[in-house]
Amino acid sequence: MREVLLRATAISKTFGGLIAVDNVSLELRRGEIHALIGTNGAGKSTLINVLTGELRGANGRVELDGQDISAWPQHRRARAGLGRSYQRTNIFPGFTVFENCRLAAQAGHQRPWSLAQAAGRCAVSGGAAQRALRLAGLEGHEHRLAGIMAHGQQRQLEIAMCLATAPRVLLLDEPLAGMGAEETVRMLELLQGLQADHAILLVEHDMDAVFRVSSQVTVMVDGKVLASAAPEAIRANPAVQQAYLGGAQ
Amino acid sequence: MRFRFARLPMAFALFALVALAALPWLATPYMVDLTTKIMIMAIFALSLELLVGGTGLVSFGHAAYFGVAAYAAALLAPKYDAASLPLLFAIAVLAAGAYALVVGALVLRTRGIYFIMVTLAFAQMAYYIFHDTKVGGGSDGVYLNIKPELTILGWKPFNLDNGLHFYFFTLVLLAAVFVFLTLLLRSRFGCALAGIRVNETRMRAAGFPTYSYKLAAFVLAGMLAGVAGFLFAAKDGFVNPELLSWHQSGAVLLMVILGGAGRLHGAVVGAFALTLLQEAFASEAIFGSFAKHWQLLLGATIILAVALLPEGLTGVADEIRAWRLRRRDAGQSAGATDA
Amino acid sequence: MDLATFLIQCLNAIQYGLLLFLVASGLTLIFGIMGVINLAHGSFYMMGAYFAYGLAPFVAAWFGESFVLTLVLGLALAVLIGYALEWAFFSFLYRREHLQQVLMTYGLILVFEELRSILAGNDVHGVNAPAWLAGSIPLSDLMTYPVYRLFISAVCVATGLVLYVVIRQTRLGMMIRAGASNREMVQSLGINIRLLYRIVFAAGVGLAALAGMIAAPVSTVYPNMGSQVLIICFVVVVIGGIGSIRGALVASLLVGIVDTFGKVLFPEGAGVVVYLLMAVILLWRPEGLFRSG
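None of these values were measured; they are calculated from a predicted model. (Residues numbered from 1 in each chain as written. Chains lettered and ligands numbered in written order. Predicted model: local features only at pLDDT ≥ 70, side-chain atom pairs only at ≥ 80, totals over all residues. Heavy atoms only, no water.)

**Examining the nonpolar core**
No. 1: A:Leu157 and C:Ile214 are the most contacted members of the largest nonpolar core, which totals 257 residues.
No. 2: When residues of this core are assigned to domains, at least three map to each of domain 1 (1-81 + 167-249) and domain 2 (92-166) of chain A.
No. 3: Once residues lying within four places of it in the same chain are set aside, the contact partners of C:Ile214 are C:Leu19, C:Leu22, C:Leu71, C:Tyr148, C:Phe151, C:Ile152, C:Val155 and C:Cys156. (Core = buried A, V, L, I, M, F, W, Y, C linked by side-chain atoms within 4.5 Å. Buried < 20%, exposed > 50% of the residue type's maximum accessible area, 1.4 Å probe, protein only. Domains from an automatic or database assignment. Contact = heavy atoms within 4.5 Å.)

**Quick look at the domain arrangement of chain A**
Residues and elements named next belong to chain A.
No. 1: Parsing chain A into structural domains produces domain 1 (1-81 + 167-249) and domain 2 (92-166).
No. 2: On a C-alpha basis, the centroid separation for the pair domain 1 and domain 2 is 25 Å.
No. 3: Of all residues in domain 1, the largest losses of buried area upon contact with domain 2 belong to Arg79, Pro167 and Leu190, amounting jointly to 38% of the total for that side.
No. 4: Listed by contribution, the elements that provide at least two residues to the side of domain 1 that touches domain 2 are strand 7 (169-173) and helix 6 (181-194).
No. 5: Considering every element that reaches the side of domain 1 that touches domain 2, the biggest residue donor is helix 6, with 5 residues.
No. 6: In terms of residue class, the side of domain 1 that touches domain 2 is made up of 9 nonpolar, 1 polar and 6 charged. (Buried area = accessible area lost by both parts, 1.4 Å probe. Helix = DSSP H or I, 4+ residues; strand = E, 2+ residues; numbered from the N terminus. Nonpolar A, V, L, I, M, F, W, Y, C, P; charged D, E, K, R; others polar.)

**Structural notes on the side chain of A:Asn90**
No. 1: Tracing the backbone shows A:Asn90 in the loop between strand 6 (82-85) and helix 3 (97-106).
No. 2: Beyond its immediate stretch of four places on either side in the chain, A:Asn90 contacts A:Glu158, A:Met161, B:Asn199, B:Thr201 and B:Arg202.

**A short note on the interface of chain A and chain B**
No. 1: Counting residues at the interface gives 38 residues for chain A, matched by 33 residues for chain B.
No. 2: Buried area between chain A and chain B, both sides added, is near 3,000 Å², and the carbon and sulfur share of it is 61%.
No. 3: Along the contact surface separating chain A from chain B lie 1 salt bridge.
No. 4: The salt bridge partner of A:Glu158 is B:Arg202, with a shortest N-O separation of 2.4 Å.
No. 5: Of all the secondary-structure elements, those providing two or more residues to the side of chain A that touches chain B are helix 2 (74-79), helix 3 and helix 5 (151-164) of chain A.
No. 6: It is helix 3 of chain A that provides the largest number of residues to the side of chain A that touches chain B, a total of 5 residues.
No. 7: A class-by-class count of the residues in the side of chain A that touches chain B yields 18 nonpolar, 12 polar and 8 charged. (Salt bridge = Lys/Arg side-chain N within 4 Å of Asp/Glu carboxyl O.)

**What to know about a nonpolar patch on the surface**
Residues and elements named next belong to chain B.
No. 1: A cluster of nonpolar residues, Leu75, Leu76, Leu87, Ile91, Ile129 and Val135, forms a patch on the protein surface that exposes about 510 Å² of accessible area.
No. 2: Among the secondary structure elements, those contributing two or more residues to the nonpolar patch are helix 4 (63-76) and helix 5 (85-107).
No. 3: Following the sequence through the fold, isoleucine 129 ends up in helix 6 (residues 112-132). (Patch = residues over 30% accessible without salt bridge, like charges linked within 9 Å, V, L, I, M, F, W, Y side chains within 5 Å. Areas by Shrake-Rupley, 256 points an atom, 1.4 Å probe, with all protein chains shown as cover.)

**Describing the interface of chain C and chain B**
No. 1: Contacts between the two partners involve 45 residues from chain C, matched on the other side by 42 residues from chain B.
No. 2: For the side of chain C that touches chain B, the elements supplying multiple residues, two or more each, are helix 4 (98-120), helix 9 (225-240) and helix 11 (270-284) of chain C.
No. 3: Class assignment for the residues of the side of chain C that touches chain B results in 31 nonpolar, 8 polar and 6 charged.

See below:
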């Protein structure tokens, strides 16, 4: 069995009277892409927000490397190795591509008190940013303004910024949304390349992509886990077919 | 970021420094005195620019820290003796910083319009504390009769009673604050603040404790406002609650916006522009008997400035640069698709 | 504090709160629907007070002395001015940042103050309450309560009821409610948003001016009277929650009570109490008591 990096146990989150996430448990292992599928409003993004600590006040327990991080604030979880990307592109549009990544990388090397050194000269964050850009396939675009790049490239930047923080667990919220066929292939190759060193949670609507790259699939409906198994088993599961796959096809 | 704080502002700063250093030999004592006042306001505006342009926090109560420092200086100076300049300076700045720490810890929980209003509320609270209670002489204010002195082993390098000495003392502090903020804004701390301004969620997700960063910036801005407040108290030797009023907070915010938020030199330009406009419109030599209605002209000018210069006075150069950058980039991506 | 004093303070608190509500309800709608920080709103209150002072002689000369007619004329004038101001100055502010709205409306305050100085001078003026409202009601052997203050409260309550009916029962009100809770949605519904903005703005100006007019006999008219009201109304809007009329009402009364009794109980720190209230409420609920409703 592969090493479990992130373990979430009995996560619940309510908004007012509405139960968005209902008693969800899952495990993310190094070397695995774990896909999370479900209709819109099934609670997938809410779950990610709870795992990263962006949403507070949820029930349940989140462990990273066996350590309970449930009470940690978001920034501390991020620095401990929990990286995420956003469903809606969430970058610094007025900054250059490089600066977007460098700023993200700076989180691991903050030193706010060193005022004499210009941030652009910081070798640690600069190097990390360059590596992340190469991984995400954005080399050569460093000095462009992020806000005016094509949508697909902004999605790549979104991933690059996540990688720049050197996370061990990647929580990716629909990284393929709005991407063309070619870009999708490139992104999936990137994810498979990252698989070896990272535990990846992939929220995605593109079923072909999900079944191609994932080794574990969890299906959420109305905040609850309907099924969680290997892709073939999920495809054959009649409850899933009825609740989700059938409706989509 | 890099393309914003680098080239032009440095040339501007050097030119302005030389011009200001030469001014006392070219201008009347009245002009020197006025320029001293403007430079104090410029330091004040710079401190607010760290929040508004640097961090994206629009504080509508920044006069509180200016006023608290001024009061601290006036109230804690010995009555019949000259205070020690470094000591009184440190006390005033720390007092402003302490108040900013308390207020900042609370107000940074709110956002947007609410933030604007809560900062205002806390400034009004400070205003009424000095206005209604006997702490600082009520609405009459207090005097700082004897200017603080700097003595090193019995030697006094300058005398703040001398207007010219005070002028250069203020100029040195203005330059120091400007250089400090320039370094700060391009350091890692400053870049993190810029990131928070643009997209705080993303900064938290990357692992920045954004609340602490904002609080640090808030306290720092309060302390720098305290520098200006100390200078004000030392210059006029008189402090009253109006220093903390919302008109004062509005005026300094106006300087930042008019000069162009997001650019350090904008704050300095704004301080000069607003004060000089006010002087010009109120001058009977220029406008004759209409000069007593100077507010009308100032108001109309401000409205025109908003309509015509949305990026402020210093924004014009930046807009041209941004336009060229976009054009270059558009050309590049067109080339990339061809290839 | 004996019972009669307490009763008088209560009446004062409610009257002050209701007056604040008239000004703040317009301000909160302009905030909530158009997203504009309008520092000049206090000037409209001042404008109203000066209308009460300046129009009365005209009305007396043309139609014979009539306080009500002065009110009606002043209100109509204020609404017209509001309509024109929205067209000339505010319509291009909607897409700008808050910073620029602050700057521009600050400029407007200066212009209004100076126009006031040119047209009406810088002296403090009294405005006479109409004779039929000049009496007092005895509350105890020594204490009386002026009828005119009751009249102020009555006008405010009546205006509030009209506002309620308009907002709850009419199509315009539906659009206003939708706009206050979700600005983007209204824009996408194909409602004539420009007209809606102009009407709301003009109504807001009218409400503030009405408050100024009916307050004038009690407060007298004087320079910068707008800025005091403005800051307090900001407090009201923020406590109540931006865009919420109901919030503005609750917050106005709260501020009226806290301010009035603060002055009686702690004369030393009277000014501070209201801001303290605001700070406490915002720390408890960072978005105010009733966020948009």
